[in-house]
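Here is what each chain is made of, one letter per residue.
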Amino acid sequence: GNTIENNLAFYIDWLSKGGILEKEHVLELAKSFLAPLESRFPEMVEEMDGIARGAGRTLDEIALINARTDIAAIVERAFDLGEVPACTALAMRGARRGQAALALGQNWDWDPKLADAPVILRMEPADSPAFVSLVEAGMLGKIGFNSYRLGVCLNFLSHESDARPGERGVPIHCLLRAMLGCRSIDEAVRVVRESPRSASANFLLAQHGPNGPRVVD
């Protein structure tokens, strides 16, 4: 609960540009992402609600943590800003002891104030693959891998089509969670393509499947 509270305080300050925007306005932006999420992945809204009740926070506040990158795109457009720290991800294919090998990894290049923000989720959903994900407390998913040897990494990316007025999509971190529930790279790509989006991100996917290592960016 305390870590969620700390993360929430950081993102309210960061997204409000130190108080230039009202906290209520930032929370309204967060709330606006619940409708597309409810339409595409209603179980994620239910899980957010459970996190909110467990942490003694509101659903909108937990939505803010999960949609922080998408809200940032709206704020960046409004203030005409473009400087956002970004992670570095890499995937390598090769051989080890004569066997095909695959490595996937990234750094999490973000504000040092959130050094204590991450937690490791080890999830075993009843109807989708088990997965492990490094998240900021309060998030449903981020970078990680699942029991089908499918790994997902993330880089910040912006595009001129981001945050068009009135457009809302499934938050980027919720898309990461959805991909961690997939059994193949092709399924993960399909899940993203079939979901409404209103902010950009770079997803690096890798899987050591039946036909050997495969990487898709």
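So, a few notes on the structure that sits alongside this text. (Residues numbered from 1 in each chain as written. Predicted model: local features only at pLDDT ≥ 70, side-chain atom pairs only at ≥ 80, totals over all residues. Heavy atoms only, no water.)

Here we look at the environment of cysteine 87
Thought 1: Structurally, cysteine 87 can be placed in the loop between helix 6 (68-79) and strand 1 (89-96).
Thought 2: The sequence separation of cysteine 87 and proline 171 amounts to 84 residues, and the corresponding C-alpha distance is 18 Å. (Helix = DSSP H or I, 4+ residues; strand = E, 2+ residues; numbered from the N terminus.)

Thoughts on the environment of valine 215
Thought 1: Note on placement: valine 215 falls in strand 8 (residues 212-216).
Thought 2: The class of valine 215 is partly exposed, set by a relative accessible area of 29%.
Thought 3: Residues valine 215 and leucine 150, 65 residues apart in the sequence, show an inter-C-alpha distance of 9.8 Å. (Buried < 20%, exposed > 50% of the residue type's maximum accessible area, 1.4 Å probe, protein only.)

Side note on the pattern of salt bridges
Thought 1: In this structure the tally under the stated criterion is 9 salt bridges.
Thought 2: Salt-bridge contacts for lysine 17 lead to glutamate 76; the nearest nitrogen and oxygen are separated by 3.3 Å. Placement of the pair is lysine 17 in the loop between helix 1 (2-15) and helix 2 (23-31) and glutamate 76 in helix 6, with a sequence separation of 59 residues.
Thought 3: Judged by relative accessible area, lysine 17 falls into the partly exposed class, the value being 24%.
Thought 4: We classify glutamate 76 as buried; its relative accessible area is 10%.
Thought 5: Glutamate 61 is the partner of arginine 57 in a salt bridge, and the nearest nitrogen-oxygen pair spans 3.0 Å.
Thought 6: Residue arginine 57 is classed as partly exposed on the basis of its relative accessible area, which comes to 23%. (Salt bridge = Lys/Arg side-chain N within 4 Å of Asp/Glu carboxyl O.)

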